[in-house]
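Summary of the model geometry
Chain by chain, the residues run as shown.
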Amino acid sequence: MTLTHSGTPEDFVPASQPELSRFLSENANSAHQQIFPVGGRTSLSVCCPDSHSGTLVCMSQLHRVVDYPVRDMTITVEAGMRLDQLNEIVSAEGQRLPIDVPQSNRATIGGVIATNTSGPRRFSYGTIRDYVIGVSAVDGAGNLFKSGGRVVKNVAGYDLGKMLVGSLGTLAVISQVSLNLRPKPECMQLVWFEFDSCKSVDQALEAIVTSGTRPTAVEYCNSKAARQIAAESRIELPMENHVVCICYEGPENVVKWQAQQIIEEWQSFSPLSVQIIEGTHAARLYHAFVEYQTSSDDPVTLKAMLLPSQMMSFIETATRLNIAIQAHAADGIVYGHLPDSASSLEDVNQILEQLNSVIDSRTGYLTIYQCESDWSESLPLFCSPPAGWELMQQLKQALDPQQLLNSPRFAELVKH
């Protein structure tokens, strides 16, 4: 493919790691085009390449299984493999990668790593960072490098592969990944609680740490989000108040016991209603929670990282502003979809100002997860640079000295 200097990014689709390496090497030596790695294109509005000239490096043809030693519960795949395809392969062996990813029929493994996408199960299973045991990638100069290996116990050293998690394609193009897997559970049940106030929710969530149960996920949604999630799942549920939904997975008898146990434990917090969801209904409802954190037609989707103890004050303010809120409640991660009435930059900035006023900047922050493309230059997409930012800049300089890999996104980080 020939690189162009037009305003619209073109596509380059490598069929192998050597081809990817050659392409990036030639680009670094001659064309010096901006490179934007893409997988299933489910997070382009997060990485924002469309507004910049350059080349999209599409990894869709790198989707093969390299190695799958079933008894070791690890698998090595090329980075363009879609998450649903991976889970279909390992599910046949009673295994899974327990990472929740919206639009998993399109999202690729490399994209999940680059964006550090996770969902409700992060409470019990962690994030993709906890499952990456080896990575192959190509840096901005076209050099192929590897970190880690194909087994859980690797040679000790600096784990460069972990640095690529959440890097948004600014450090290297991920080409191959080795992952740790988990057993597939026998059964899943959800318990849907409805409460009349944020205070009752806060008290119930505090009791999670002393519960005799071990939830897989703890999800909160306000009434606006609850109505949308219930409609998406096509299940009749109480949804006019604050909702906490607890997920349990494991052996059927254990799951059923835990569902009844949490109902008994939370009676003291006076829930307005309680409903157990199981079978295919549970799968549909859980899927609706996973998908809800992505934006649809909303003008702006926010993401806040907070201490769980400070989360409900933020949610109260957001609910008053008519924002639909979903939270991975035990982790302090909150997603908010702004209402259609927030139709101008002035409206959005006023909302952001009110939300930031209830966040302690020492322990939490707010980012613009997704927004209208023509607003991205005017909104504060990122919070202040995190601790260790100078080290991250040095790593960028080492792996991409010519600033060719998704550097507009890196510049956005620097700007804020």
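Residues numbered from 1 in each chain as written. Predicted model: local features only at pLDDT ≥ 70, side-chain atom pairs only at ≥ 80, totals over all residues. Heavy atoms only, no water.

1. Comments concerning the overall build of the protein chain
From N to C terminus, the protein chain includes 14 helices and 18 strands. Looking at the protein chain residue by residue over its 416 residues, the buried ones come to 53%. Counting only contacts in the protein chain whose residues sit at least 6 apart along the sequence, the fraction spanning at least 24 positions is 72%. Per element, the accessible surface of the protein chain, about 17,900 Å² overall, is 49% carbon and sulfur. (Helix = DSSP H or I, 4+ residues; strand = E, 2+ residues; numbered from the N terminus. Buried < 20%, exposed > 50% of the residue type's maximum accessible area, 1.4 Å probe, protein only. Contact = heavy atoms within 4.5 Å. Areas by Shrake-Rupley, 256 points an atom, 1.4 Å probe, with all protein chains shown as cover.)

2. Points about the packing of aromatic side chains
Within this structure, the stated rule accounts for six aromatic pairs. Geometrically, the ring pair formed by F12 and F23 is stacked, given 3.8 Å between the ring centres and 10° between the ring planes. Separated by eleven residues along the polypeptide, F12 in strand β1 (residues 10–12) and F23 in helix α1 (residues 17–31) bring together distant segments of the chain. Following the ring pairs from residue to residue traces out a cluster consisting of F193, F195 and W266. (Phe/Tyr/Trp six-rings, centres within 6.5 Å; stacked < 30°, edge-to-face > 60°.)

3. Observations concerning the sheet that holds strand β2 (residues 35–38)
Reading across the sheet, the three strands line up as β1-β3-β2 and stay open at both edges, with parallel pairing between neighbours. A strand with exactly one partner marks an edge of an open sheet, and here the two such strands are β1 and β2. Geometrically, the sheet is characterised by an average inter-axis angle of 30° between neighbouring strands, direction not taken into account. In this structure, β2 lies alongside strand β3 (residues 55–58), joined through four bridges in parallel fashion. Residue pairing for β3: F36 is matched across the bridge by L56. (Pairing = 2+ DSSP bridges. Axes fitted to C-alpha atoms, helices over the stretch in contact; angles between N-to-C directions.)

4. Digging into the pattern of salt bridges
Inspection of every chain in the model, using the stated rule, returns eight salt bridges. Here R64 and E78 are joined by a salt bridge, their closest N and O atoms 3.1 Å apart. Linking R64 in the loop between β3 and β4 (65–67) with E78 in strand β5 (residues 74–78), this pair joins segments that are 14 residues apart in sequence. A salt bridge links D400 to K396, with the shortest nitrogen-to-oxygen separation between them at 2.7 Å. Considered together, D400 and K396 belong to a single accessibility category, that of buried residues. Taken together, the shared-partner salt bridges connect R96, D100, R121 and E249 into one network. (Salt bridge = Lys/Arg side-chain N within 4 Å of Asp/Glu carboxyl O.)

5. What about the side chain of S118?
Topologically, S118 is positioned in the loop between α4 (109–115) and α5 (122–125). Exposure remark for S118: the relative accessible area of 5% places this residue in the buried category. Within the structure, the side chain of S118 is placed 3.0 Å from the side chain of R122, a separation counted as a polar contact. S118 has contacts with I99, D100, T127, Q293 and H328, leaving out every residue within four places of it along the chain. (Polar contact = N/O pair within 3.5 Å; in protein donor to acceptor, adjacent residues only side chain to side chain.)

6. Some remarks on unusual backbone geometry
In this model, H32 sits at a positive phi of 55°, which is unusual for a non-glycine residue. Counting through the fold element by element, H32 comes out in the loop between α1 and β2. Among the residues examined, H32 registers a relative accessible area of 41% and is labelled partly exposed. Its identity is not glycine, yet N322 carries a phi of approximately 65°, on the positive side. Taking relative accessible area as the criterion, N322 reaches 41% and is therefore assigned partly exposed.

7. Concerning the pairing of strand β12 (residues 217–221)
Buried residues dominate β12, accounting for five of its five residues. Here β12 shows two buried faces, one formed by A217, E219 and C221 and the other by V218 and Y220. Inspection of the sheet shows β12 paired to strand β13 (residues 242–250) by five bridges, in the antiparallel sense. Its bridge partner lying in β13, A217 is registered against C247. In the sheet, β12 pairs with strand β16 (residues 324–328) via three bridges, with the strands oriented antiparallel. Looking at β16, one finds that C221 is bridged to Q326.

8. Thoughts on the confidence of the model for the protein chain
Taken over all residues, the pLDDT of the protein chain has a mean of 89, while the share at 70 or more is 89%. Residue range residues 1–8 is modelled with pLDDT below 50. Its contacts to residues more than four positions away, or to other chains, number 18 contacts. (pLDDT = per-residue confidence, 0-100.)

9. Quick look at the state of the cysteines
Evaluation of the coordinates by the stated rule reveals zero disulfides. C247 provides the cysteine sulfur closest to C245, a residue in no disulfide bond, and the two sulfurs are 7.5 Å apart. (Disulfide = S-S within 2.5 Å.)

10. Description of the sheet that holds strand β7 (residues 132–139)
Within the open sheet, the five strands sit side by side as β4-β5-β9-β7-β8. Their pairing is antiparallel. Edge positions in the sheet fall to β4 and β8 (144–148), since each of these pairs with one other strand and no more. With direction set aside, neighbouring strand axes in the sheet form an average angle of 25°. When β7 meets strand β9 (residues 172–180), the two strands line up antiparallel, connected through seven bridges. Paired with S136 across the two strands is Q176, which belongs to β9. Strand contacts of helix α3 (residues 83–91): β4, β5 and β9, with the helix running at about 145° to β5, the strand carrying the most contacts.

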